[in-house]
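A closer look at the structure
One letter stands for each residue in the lines below.
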Amino acid sequence: MANKLEPMTFDRLIEAFYAHVEPLGHDDCWEWTGRRNQRGYGLYEFERQNKRTRWKAHRLSFFIHFGPIPDWADVMHACDNEPCSNPFHLGLGTTADNNQDMARKGRVRNQHSGVTHCKRSHEFTAENTTIDKYGRRYCRACRRLRHQLEYYPLPGLLEATP
């Protein structure tokens, strides 16, 4: 059976937050010492409006220090340290902003993150790579080729074979 959580007031929320971090300087990461998820983000669980609520620690920090987080916004780390809860390392952005920031900094963790070349053997370099709003990489050389074949098809190349 789950533990009964007490309703949370804003003052108790602040107190609980600071019980799990050691505030250092503006430039230092404030490591979350409480529970963390598999990716290393701090987690805090409390009761809100008679419901069990779980927040990531960096979102909680942003809420405590700057106010409500808009529905459209992700809370992004400037320091790229998942357990960091220093409000001076946090900012707002869209999911697309966050994904592009992760891809730009090489923090994308998916089945393609270690891939260095596209399927046609073009290298993923800064000059040959575009990143869409979801953080996906595309080979510019392949896109040029695809565009050329769409608008200037070679005779017989795109015809269906029986």
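Overview of the structure. For clarity, every value in this text was computed on a predicted model and none was experimentally measured.

Some points on the side chain of His89
By the secondary structure assignment, His89 is in the loop between strand 3 (74–77) and strand 4 (90–93). Here His26 takes part through its backbone oxygen, which lies 3.2 Å from a polar atom of the side chain of His89. Dropping the residues within four chain positions of it, His89 is found in contact with His26, Asp27, Asp28, Cys29, Met76, His77, Ala78, Cys79 and Cys84.

What about unusual backbone geometry?
Positive phi is not limited to glycine here, since Asp80 has a value of about 60°. Checked against the element boundaries, Asp80 lands in the loop between strand 3 and strand 4. For Ser121, which is not a glycine, the phi torsion comes out positive at approximately 75°. Its place among the elements puts Ser121 in the loop between helix 3 (95–104) and strand 5 (129–131). Using a relative accessible area of 57% as the deciding quantity, one classes Ser121 as exposed.

Some remarks on helix 2 (residues 57–66)
Among the residues of helix 2, those classed as buried are Ala57, His58, Leu60, Ser61, Phe62 and Ile64. Those residues of helix 2 hidden inside the fold are in contact with helix 1 (10–19), strand 1 (43–48), strand 2 (51–56), strand 3 and strand 4. Two residues or fewer after helix 2 comes Gly67, characterised by a positive phi angle close to 105°.

Observations regarding the packing of aromatic side chains
Centre distance and the angle of the planes are the two values used to describe a pair of aromatic rings. Going through the model one piece at a time under the given rule, you end up with seven aromatic pairs. Centroid distance Phe10 to Phe63: 6.0 Å. Interplanar angle 75°. Geometry classified as edge-to-face. Pair noted here: Phe10 is in helix 1 and Phe63 is in helix 2, with a separation of 53 residues, a long-range link. Owing to a relative accessible area of 41%, Phe10 belongs among the partly exposed residues under this scheme. Given a relative accessible area of 23%, Phe63 falls into the partly exposed group. Judged by centre distance (5.1 Å) and plane angle (80°), the ring pair of Trp55 and Phe63 falls under edge-to-face. An aromatic cluster is built from Phe17, Tyr18, Trp30, Trp32 and Tyr44, whose rings are joined through pairwise contacts. The lysine or arginine in question, Lys56, covers the ring of Tyr41, its NZ or CZ lying 4.8 Å from the ring centre. Just above the ring of Phe124 sits the side chain of Arg137; from NZ or CZ to the centre is 4.3 Å.

Some points on the pairing of strand 1
Of the pairings in the sheet, the one linking strand 1 to strand 2 comprises six bridges and is antiparallel in character. Along strand 2, the bridge assignment pairs Phe46 with Thr53.

Notes on the packing of helix 1 against helix 2
Their axes nearest at 11 Å, the elements helix 1 and helix 2 cross at an angle of 130°. It follows from the interaxial angle that helix 1 and helix 2 lie oblique. In the packing of helix 1 onto helix 2, the handedness of the crossing is left-handed. Here Phe10, Leu13, Ile14, Phe17 and Tyr18 of helix 1 lie close against helix 2, whose contacting residues are Ala57, Leu60, Ser61, Phe63, Ile64 and His65. Per-class residue counts for the contact of helix 1 with helix 2 are nine nonpolar, two polar and no charged.

Details of the side chain of Thr129
By secondary structure assignment, the location of Thr129 is in strand 5. In this structure Thr129 touches Phe124, Arg137, Tyr138 and Arg140, once residues within four positions along its chain are discounted.

Here's the deal with the environment of Ala78
In this structure, Ala78 sits in the loop between strand 3 and strand 4. Between the C-alpha atoms of Ala78 and Gly91, which are 13 residues apart in sequence, the distance is 7.4 Å. Setting aside residues no more than four positions away along its own chain, Ala78 makes contact with His89 and Lys105.

Thresholds applied
Residues numbered from 1 in each chain as written. Predicted model: local features only at pLDDT ≥ 70, side-chain atom pairs only at ≥ 80, totals over all residues. Heavy atoms only, no water. Helix = DSSP H or I, 4+ residues; strand = E, 2+ residues; numbered from the N terminus. Polar contact = N/O pair within 3.5 Å; in protein donor to acceptor, adjacent residues only side chain to side chain. Contact = heavy atoms within 4.5 Å. Buried < 20%, exposed > 50% of the residue type's maximum accessible area, 1.4 Å probe, protein only. Phe/Tyr/Trp six-rings, centres within 6.5 Å; stacked < 30°, edge-to-face > 60°. Lys NZ or Arg CZ within 6 Å of the ring centre and 35° of its normal. Pairing = 2+ DSSP bridges. Axes fitted to C-alpha atoms, helices over the stretch in contact; angles between N-to-C directions. Parallel < 35°, antiparallel > 145°, perpendicular 65-115°, else oblique. Left-handed = near helix turned anticlockwise from the far one by under 90°. Nonpolar A, V, L, I, M, F, W, Y, C, P; charged D, E, K, R; others polar.

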